[in-house]
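Here are the chains, one letter per residue:
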Amino acid sequence: MDQCPMDQLPFTTNGDALDIAPRYRTLQEEQPITRVRTRAGDPAWLVTRHADVMALLADDRLGRSHPDPASAPRISASVLLGGPTGEPDDEHAQHRRKRRLLTPAFSARRMQALRERVGSQVEGLLNELPAPPVDLHAALSVPLPVMVICELLGVPYRDHDRFRAWSTDLASLTDSAASGAGRRELVEYMHGLIAVKREAPAADVISDLLAAQDDQGLIDDDIADTAAMLLFAGHETTVVRIDFGVLLLISHPDQRDALRGDPGLIGPAVEEVLRLSSSNNSVGGLPRYAHADITIHAVTIAAGDAVLLAPGVANRDPRAFPDPDTFDIARTPNPHLTFGHGARYCIGASLARIELQEVFGRIVHRLPNLRLAVPRHELRLQHDRLTGGLAELPVAW
Ligand code: HEM
């Protein structure tokens, strides 16, 4: 029985889409590892300081699996990251195997080749913008990452309305039936595509996985699952960062002008957007389960406990970032944890960086007078979606 009332996630925000919930700041100062209640009502440890989040992301005593899945604390109603996955005995080995399989898809050469395509896709989308006011979320932030992931995977863009709807359902944190149905539809769709690619292979990741199928002992279910997961992870996260990056640049005209004046700042500018754009994590952090007792700051996380590692809060830790709430596009170093850290570090980070660089590098020139078409406090955050983010971004110029 727990002795004192626990904080319940998600925390109440102050209504500013660009800020984190005030409770996170208090906890980071006073209780950097603290018990909270998850969206699913179960207890978990919330970790908010940069050094601790980083150390625990690299600690293989934590994983996604649980020795007794039926009794594992639940994180949310989502079928994705809502509870444990994998087997504790070989979780890390299985993960390394899957990761090796995907590594060639994200080779530096392939990414460089994609950069040009991404650039022309951004140009095309900007050329097609209707007269303002425009919902930039719908007109740019969503279609760009969808086009890019379609190209990488070999998914026909014409199917985007269907898989976006499934992906939206899958991201639900409150409706497990919708989340489960979304995943099933996505996986089913990928099975259809596997049949097509088997007949007519092309230069894409699904065809590559099929070519490696026999050597790697993969069954079609593995390939369909991997492709569905890539489709989801490859666009939902990037959509959110395009919205937040545009909002950050609009809200800080001096920084926007500095970027327009010096295109060499695009690299650090994107890192700074990434640092400040993971603040509204609707589940509290990246979920893990302890596979052994772990003591940190005199607190013992017991084997089997759920742990939420909060990159968005760690990214504002004054111990790691001077003036952490200042948006400074020249900030270096910028050791943000938005792509995670350690063995599960985002495999698509270089692709996401390319997309963000191509968008913001162009937008400051093409739309120099971009501004919000509504007051900032009217922007709605999607707290019930795994990936969070804005529902709309109405702008004018
Ligand atoms: C700005 C956009 C993105 C953000 C913020 C992001 C964030 C993350 C984070 C935090 C993780 C680690 C999760 C954990 O430790 O539990 C991760 C893993 C992953 N991401 Fe991303 N991601 C982005 C873009 C992408 C893209 C474009 C792709 C694919 C095209 C992708 C594919 C993946 C995959 C496959 C993993 C799992 C890696 C593994 O388990 O080894 N992500 N991402």
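These lines cover the structure that appears in this document, whether it is placed above or below. None of the values given here were measured: they were computed from a predicted structure.

Quick word on the pairing of strand β9 (residues 306-309)
And step 1. Neither face of β9 is open: one carries Ala-306 and Leu-308, the other Val-307 and Leu-309, and all of them are buried.
And step 2. Direction of pairing for strand β3 (residues 43-47) relative to β9: parallel, over a ladder of 3 bridges. Bridge pairing in β9 places Leu-46 opposite Leu-308.
And step 3. Relative to β9, strand β6 (residues 286-290) runs antiparallel, the two being bridged by 4 bridges. Pairing of Leu-286 across the sheet is with Leu-309, part of β9.

Some details on unusual backbone geometry
And step 1. In this chain, Pro-132 is followed by Pro-133 through a cis amide linkage whose omega measures 0°.
And step 2. Here Pro-133 shows up in the loop between α4 (108-127) and β5 (134-135).
And step 3. A cis geometry characterises the amide bond from Thr-332 onward to Pro-333, with omega recorded as -5°.
And step 4. Counting through the fold element by element, Pro-333 comes out in the loop between α14 (311-314) and α15 (349-366).
And step 5. Phi is positive for His-297, which is not a glycine, with a value near 50°.
And step 6. Relative to the helices and strands, His-297 resides in the loop between β7 (294-296) and β8 (299-301).
And step 7. Backbone geometry at Ala-298 places phi at a positive 60°, although glycine is not the residue there.
And step 8. Relative to the helices and strands, Ala-298 resides in the loop between β7 and β8.
And step 9. Judged by C-beta crowding, with 6 C-beta atoms within 10 Å, Ala-298 ranks as exposed.

Observations regarding the sheet that holds β5
The pairing of strands in a sheet comes from backbone hydrogen bonds and takes either a parallel or an antiparallel form.
And step 1. The strand order β5-β11-β10 describes an open sheet built from 3 strands, whose pairing is antiparallel. Edge positions in the sheet fall to β5 and β10 (371-372), since each of these pairs with one other strand and no more.
And step 2. Alignment of β5 against strand β11 (residues 394-396), held across 2 bridges, turns out to be antiparallel. Bridge pairing links Val-134 to Val-395 in β11.

Re the pairing of β3
And step 1. With 4 of its 5 residues buried, β3 lies for the most part within the structure.
And step 2. Bridge analysis of strand β2 (residues 33-37) against β3 gives 5 bridges, and the strand direction is antiparallel. Each bridged residue has a counterpart across the sheet, and for Val-36 the counterpart in β3 is Ala-44.
And step 3. Hairpin remark: β2 followed by β3, antiparallel, with 5 residues in the connecting loop; positive phi at Gly-41, about 90°.

Calculation criteria
Residues numbered from 1 in each chain as written. Predicted model: local features only at pLDDT ≥ 70, side-chain atom pairs only at ≥ 80, totals over all residues. Buried ≥ 20, exposed ≤ 12 C-beta atoms within 10 Å, placed from the backbone. Helix = DSSP H or I, 4+ residues; strand = E, 2+ residues; numbered from the N terminus. Pairing = 2+ DSSP bridges.

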